[in-house]
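Listed here are the chains, written in short residue letters.
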Amino acid sequence: MKNITDIKHRIKSISDTRKITSAMETISVVKMQKALSRYESNKAYFETVRKTISNIVLYTKGVEHKVFSSVKENGKEAFIVIASDKGLAGGFNHAVLEFARSQMLGAREPHLFAVGQMCCEFFASRKIAADVAFADASYNPTISEAAEMSEKLYKMFIGGVIDGAYIIFTEMAGHGKMSPKKIRLLPFERAEVVHENEVSAGEEFALHELEYEPSAEEVLSLLIPQYLTGMIYGALIQSSACEHSSRHSAMNSATTNASRLLESLELEYNRARQESVTGELSEIITASMGGYGNCE
Amino acid sequence: MGETEEKSFKLNIVTPEREFFSGEVQSLVVNTVSGEMGILYRTLPLVTVLQSGIMKIRRNGRWMEAANSDGFVSVLKDGVTVLTQSCEWPHEIDADIIDKEICELQERERKAKSAYEYKMAKAQLAAQFAKLKLKNKSD
């Protein structure tokens, strides 16, 4: 039988923990709703940007630009990896970071853009230096942070420092499900886009050429950073929505577990108390009986 | 003047924060890097860069105006898509907030540490001025 004071201590510490987890749960509900509504309103933009770019790729012929070069085997690649700033979000960080690491293993010269405190720490402890770290960009993502990343990425790409760029983030798969995902940002490969469009749209576009105003080079050099910004911002928003909902469910189950544990501990505590009371009682009775025996 | 029935086309204006506009319109005038451009039904497919300014949309014979920041316009056979960082109707614009923003941005422009920061502040300033212009126009 356990000591009554031990049980009391455990009950106290568990109920304190439960207070923290349930407070975090309440906060995460609000944050999650905000993030989800941002995600919903961003979804249209994210998808439209992708569609517009693939249309441009489809209808552009004879325009030479570095972004239309084909994917190089074993080239130098940049990875934007988005995790969260804080832990205690269930398997959220672990899933996306392990996925990112496995994806980066194959790259010859990976350049890392680490977003979020957890991401920076994860790669630092594995001796992978981040080229650019955005330690607090994932909690409340803003367009200007996304614009900064896209500007850096584009410069590296045009300057030949990298041959390709990927973004790794947690994607909303609907019905509360989420999974890590990798999307190629640069370069655009025509064959892939054509393939993708035939599958998704199912309709034949008559290939006709697009006009560029004022010139293709000028338009593309302004358009591509904006496309990157849109994609990165969308990924940041999705990732933050996933983070908050995953923290919500983690905290929810932690609170439930704590309650269950408390219930069984309380039972144990009562039992122990009862036992000691019974013990004391029987002691008193025995003592008094002994006393009577002596009197007689 | 006997105005004939004008053909309309599908227009989509999307920003990262929301789907700003979606519907059939008869005409669209936007600011591009090479000046104002009017888009009508069956304009040749083209892609162009949008500049901060006031965008005009004609729907059912009525002109509507909105302030937009930079982005791009793609005119395709099946419709026109405008992608911009932000877009607002005149009634959504608050002059006081913009005044504050402008002060802040001018400060940032002065203190810019790199060409990139300077460029960013300048572009955002242009967007705020466009908003202010539209607000003053509609009041």
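Residues numbered from 1 in each chain as written. Chains lettered and ligands numbered in written order. Predicted model: local features only at pLDDT ≥ 70, side-chain atom pairs only at ≥ 80, totals over all residues.

Colleague: Help me understand the nonpolar core in this model?
Modeller: Ile80, Val81, Val115, Cys119, Ile168 and Ile232 of chain A are the most contacted members of the largest nonpolar core, which totals 93 residues. Of the residues forming this core, the biggest block, 16 residues, is contributed by helix 6 (residues 216–295) of chain A. Residue contributions to this core reach at least three from each of two domains, namely domain 1 (9–88) and domain 2 (90–138) of chain B. With near-sequence residues (within four places) excluded, Val115 of chain A lies in contact with Ile80, Val81, Ile82, Ala83, Phe134, Ala137 and Ser138 of chain A. (Core = buried A, V, L, I, M, F, W, Y, C linked by C-beta atoms within 7 Å. Buried ≥ 20, exposed ≤ 12 C-beta atoms within 10 Å, placed from the backbone. Helix = DSSP H or I, 4+ residues; strand = E, 2+ residues; numbered from the N terminus. Domains from an automatic or database assignment. Contact = placed C-beta atoms within 7 Å.)

Colleague: Is there a simple way to explain helix 1 (residues 95–111) of chain B in this structure?
Modeller: In an α-helix, one turn spans 3.6 residues, which is why side chains three or four residues apart end up on the same side. For helix 1 of chain B, spanning 17 residues, the distance from its first C-alpha to its last is 24 Å, which sits close to the expected 24 Å at 1.5 Å a residue. With respect to burial, helix 1 of chain B is a largely exposed element, only one of its 17 residues being buried. (Expected span 1.5 Å × (residues − 1).)

Colleague: Any chance you could explain the domain arrangement of chain B here in plain terms?
Modeller: For interface size, the figure often reported is the accessible area lost on association. Residues and elements named next belong to chain B. The domains assigned to chain B are domain 1 (9–88) and domain 2 (90–138). For domain 1 versus domain 2, the distance between C-alpha centres works out to 21 Å. Listed by partner, the interface residues are nine residues for domain 1 and 10 residues for domain 2. When contributions to the side of domain 1 that touches domain 2 are tallied by element, the ones reaching two or more residues are strand 6 (53–59) and strand 7 (62–68). Within the side of domain 1 that touches domain 2, the residues separate by chemical class into two nonpolar, four polar and three charged. (Nonpolar A, V, L, I, M, F, W, Y, C, P; charged D, E, K, R; others polar.)

Colleague: What is the right way to read helix 3 (residues 117–125) of chain A from this model?
Modeller: Buried within helix 3 of chain A are the following residues: Gln117, Met118, Cys119, Cys120, Phe122 and Phe123 of chain A. Directly after helix 3 of chain A, the chain includes Lys127 of chain A, whose backbone phi takes a positive value near 60°.

Colleague: Where do I start with the sheet that holds strand 4 (residues 164–174) of chain A in this structure?
Modeller: Backbone hydrogen bonds hold the strands of a sheet together, and the pairing may be parallel or antiparallel. Residue and element names in this part refer to chain A. Sheet architecture is open: five strands sit in the order 3-2-1-4-5, paired in mixed fashion. At either margin of the open sheet sits one strand with a lone partner, and together these are strand 3 (132–134) and strand 5 (177–186). Strand-to-strand twist in this sheet, taken as the mean axis angle between neighbours without regard to direction, amounts to 20°. Packing of helix 2 (residues 92–105) onto the sheet brings it into contact with strand 1 (77–82), strand 4 and strand 5, and relative to strand 4 it is tilted by some 145°. (Pairing = 2+ DSSP bridges. Axes fitted to C-alpha atoms, helices over the stretch in contact; angles between N-to-C directions.)

Colleague: Just to check I follow, could you spell out the confidence of the model for chain A for this structure?
Modeller: Should pLDDT be low for a region, the predicted coordinates there are not to be read in detail. Of the residues in chain A, 89% have a pLDDT of 70 or more, and the chain-wide mean is 82. Element-level mean pLDDT values for chain A span from 62 in helix 5 (residues 190–200) of chain A up to 88 in strand 1 of chain A. (pLDDT = per-residue confidence, 0-100.)

Colleague: Please clarify how the environment of Glu6 of chain B should be interpreted in this entry.
Modeller: Residue and element names in this part refer to chain B. Here Glu6 shows up in the segment before strand 1 (9–14). Residue classification places Glu6 among the partly exposed residues on the basis of 13 C-beta atoms within 10 Å. Measuring from C-alpha to C-alpha, the distance between Glu6 and Gln26 comes to 6.6 Å, with 20 residues separating the pair along the chain.

Colleague: Explain the pairing of strand 6 of chain B here, please?
Modeller: Both faces of the sheet carry side chains from a regular strand, because those side chains alternate between them. Residue and element names in this part refer to chain B. Here three bridges tie strand 3 (residues 27–32) to strand 6, and the two strands are oriented antiparallel to one another. Counterpart to Leu28 in the pairing with strand 6 is Ile57. Where strand 6 meets strand 7, seven bridges bridge the pair, whose relative direction is antiparallel. Looking across to strand 7, one finds that Arg59 is bridged to Arg62. What sits between strand 6 and strand 7 in their antiparallel hairpin is a turn of two residues, with Asn60 showing a positive phi close to 50°.

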